[in-house]
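Geometric and topological summary
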Amino acid sequence: NAPTAPATDIHWADPLRQAQFVAWFDQVQATHQLDASTLGLASADASFRRYFRVQGPSGTRVIMDAPPDKENSQPFVDIAKLLAQAGLRAPDILDWNQAHGFMMLSDLGTLTMMQFMDARGDLNPTFSATGQALSAPPLALYLGAVDTLVQWQLASQPGVLPPYDHALLLRELELFPQWYVAGHRQKTLDAAQRKVLDDTFALLIQDNLSWPSVYVHRDFMPRNLMVPLAGLPPTLDATTLGVLDFQDAVYGPITYDIAS
């Protein structure tokens with residue numbers, strides 16, 4: 001058979017990578033009976049990863065495009081297994097071309113918890129003349145998210161994920177003076193201001209490291225929780241919402257994800 005032509009809405013800056021993708025996609029298309037005419041761009045995140053969606057005989061599949069020289073997909077694979085072992089909804093790894101960074105995943109849906117609430121008006125509620133909200137917030141949905149987080153935390157074991165230690169906490173705190181103060185605001189801190197910041201960072205790190213440690217998703221929020229393809233069931237539990245964007249998970253403070 002002739003090589004499959006990539007979908008028109010998928011742009012490739014590197015012809016070699018495009019050829020690698022076509023060769024891999026031809027293989028998985030035959031194995032999983034995918035409909036190449038449905039292949040299209042699904043989304044891209046704040047990294048070098050992007051995602052495609054394609055139709056198969058048993059539903060849609062998601063394809064991750066993650067150049068291995070820019071993105072290490074091994075943590076994604078490992079943590080997806082941890083989530084599944086914890087009984088949570090995470091993408092199944094259906095095929096992985098590790099050499100070239102292409103991966104086919106099960107599809108957790110097209111609607112995030114954030115988009116679901118936005119469509120219902122929960123993010124922009126209407127109020128009566130007296131200021132009373134006319135619709136109740138989706139408490140069950142939030143509690144379902146909390147149940148999901150707690151089940152993830154209950155599966156925690158030390159020595160499995162990288163530690164959220166002093167060095168990593170400090171590196172993330174330093175993003176504030178580096179990117180916001182210096183980069184965005186174009187300001188330079190004087191010695192006294194820098195000392196206030198250093199003393200504050202030291203207190204924050206000390207407090208964080210004093211808490212019990214669990215598995216920390218690091219970006220646990222409604223934009224990374226997926227509503228099932230079939231919609232929400234009458235009752236929610238920890239297996240209802242799909243979990244995405246977990247590849248940076250670590251072992252650290254139990255307070256982090258719920259605050260995030």
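What counts as what
- Residues numbered from 1 in each chain as written.
- Predicted model: local features only at pLDDT ≥ 70, side-chain atom pairs only at ≥ 80, totals over all residues.
- Heavy atoms only, no water.
- Helix = DSSP H or I, 4+ residues; strand = E, 2+ residues; numbered from the N terminus.
- Buried < 20%, exposed > 50% of the residue type's maximum accessible area, 1.4 Å probe, protein only.
- Contact = heavy atoms within 4.5 Å.
- 1 Å grid on protein atoms, 1.4 Å probe; cavity = no way out; pocket = protein on both sides within 12 Å on 5 of 7 lines; lining within 4 Å.
- Points joined across faces, edges and corners; volume = space filled by probe spheres on them.
- Nonpolar A, V, L, I, M, F, W, Y, C, P; charged D, E, K, R; others polar.
- Axes fitted to C-alpha atoms, helices over the stretch in contact; angles between N-to-C directions.
- Parallel < 35°, antiparallel > 145°, perpendicular 65-115°, else oblique.
- Core = buried A, V, L, I, M, F, W, Y, C linked by side-chain atoms within 4.5 Å.
- pLDDT = per-residue confidence, 0-100.
- Expected span 1.5 Å × (residues − 1).
- Arc of directions from axis to C-beta.
- Polar contact = N/O pair within 3.5 Å; in protein donor to acceptor, adjacent residues only side chain to side chain.
- Salt bridge = Lys/Arg side-chain N within 4 Å of Asp/Glu carboxyl O.

Examining the overall build of the protein chain
For the protein chain, the count of helices and strands is 8 helices and 10 strands. Within the span of the protein chain, comprising 260 residues, buried residues form 38% of the whole. Across the protein chain, contacts joining residues at least 24 apart in sequence account for 66% of those joining residues at least 6 apart.

As for the layout of surface pockets
Of the voids in this model, the largest pocket is the one considered here, and its volume is about 550 Å³. Lining of the largest pocket is provided by 25 residues; of these, S43, Y51, R223, M226 and L244 occupy positions nearest its centre. Those elements giving two or more residues to the lining of the largest pocket turn out to be β1 (35–44), β2 (50–56) and β5 (102–106). Here the lining of the largest pocket takes 3 residues from β1, the largest share from any one element. Within the lining of the largest pocket, the residues separate by chemical class into 11 nonpolar, 8 polar and 6 charged. If you list the elements that add at least two residues to the lining of the second largest pocket, you get α5 (166–173) and α7 (191–209). Element by element, the count of residues in the lining of the second largest pocket is highest for α5, at 4 residues. A class-by-class count of the residues in the lining of the second largest pocket yields 7 nonpolar, 1 polar and 4 charged.

With respect to the packing of helix α3 (residues 113–120) against helix α4 (residues 139–154)
Relative orientation of the contacting elements α3 and α4 amounts to 175°, with a least axis distance of 12 Å. The angle between α3 and α4 falls in the class roughly antiparallel. Facing M113, F116 and M117 of α3, the residues of α4 in contact are L141, Y142 and A145.

Observations concerning the nonpolar core
One finds L83, W152, L161 and F246 to be the most contacted residues of the largest nonpolar core, which totals 33 residues. Listed by contribution, the elements that provide at least two residues to this core are β3 (59–65), α2 (74–85), β5, α3, α4 and β8 (225–227). Setting aside chain neighbours within four positions, we find F246 in contact with F76, I79, A80, L83, A90, P91 and H217. The next biggest cluster of nonpolar side chains, apart from the first, holds 14 residues, and it includes I10, L34, F52 and F102.

Some points on the confidence of the model for the protein chain
Chain-level statistics for the protein chain give a pLDDT mean of 90 and a share of 90% at 70 or above. Note on residues 1–6: pLDDT is under 50 here. Beyond four places in sequence and across chains, it has 11 contacts.

Quick notes on α7
Along its 19 residues, α7 runs 27 Å from first to last C-alpha, staying within 8% of the 27 Å computed at 1.5 Å per residue. Here α7 has its buried residues at L197, F201, I205 and N208. Angularly, the buried residues of α7 cover 70° about the axis, an arc narrow enough to put them on a single face. In this structure, α7 carries A191, A192, K195, V196, L203 and Q206 as exposed residues pointing more than 90 degrees from its buried face. Contact partners of the buried residues in α7: α5, α6 (175–184) and β10 (250–253). Measuring from the backbone nitrogen of A192 back to the side-chain oxygen at the start of α7 gives 3.1 Å, which picks out D190 as the cap.

Brief notes about the pattern of salt bridges
In a structure, side chains of opposite charge can pair up when their charged atoms sit close to one another. With the rule as written, the count across this model stands at 9 salt bridges. One salt bridge in this structure joins R194 and D198, with 2.7 Å as the shortest N-O distance. Separated by 4 residues within a single helix, R194 and D198 lie in helix α7, roughly one turn from each other. The residue D199 makes a salt bridge to K195 at a minimum N-O spacing of 2.7 Å. Note that D199 and K195 are positioned in helix α7 at a spacing of 4 residues, about one turn of the helix. A relative accessible area of 38% places D199 in the partly exposed class. One continuous salt-bridge network, built from bridges that share partners, spans R17, R50 and D65.

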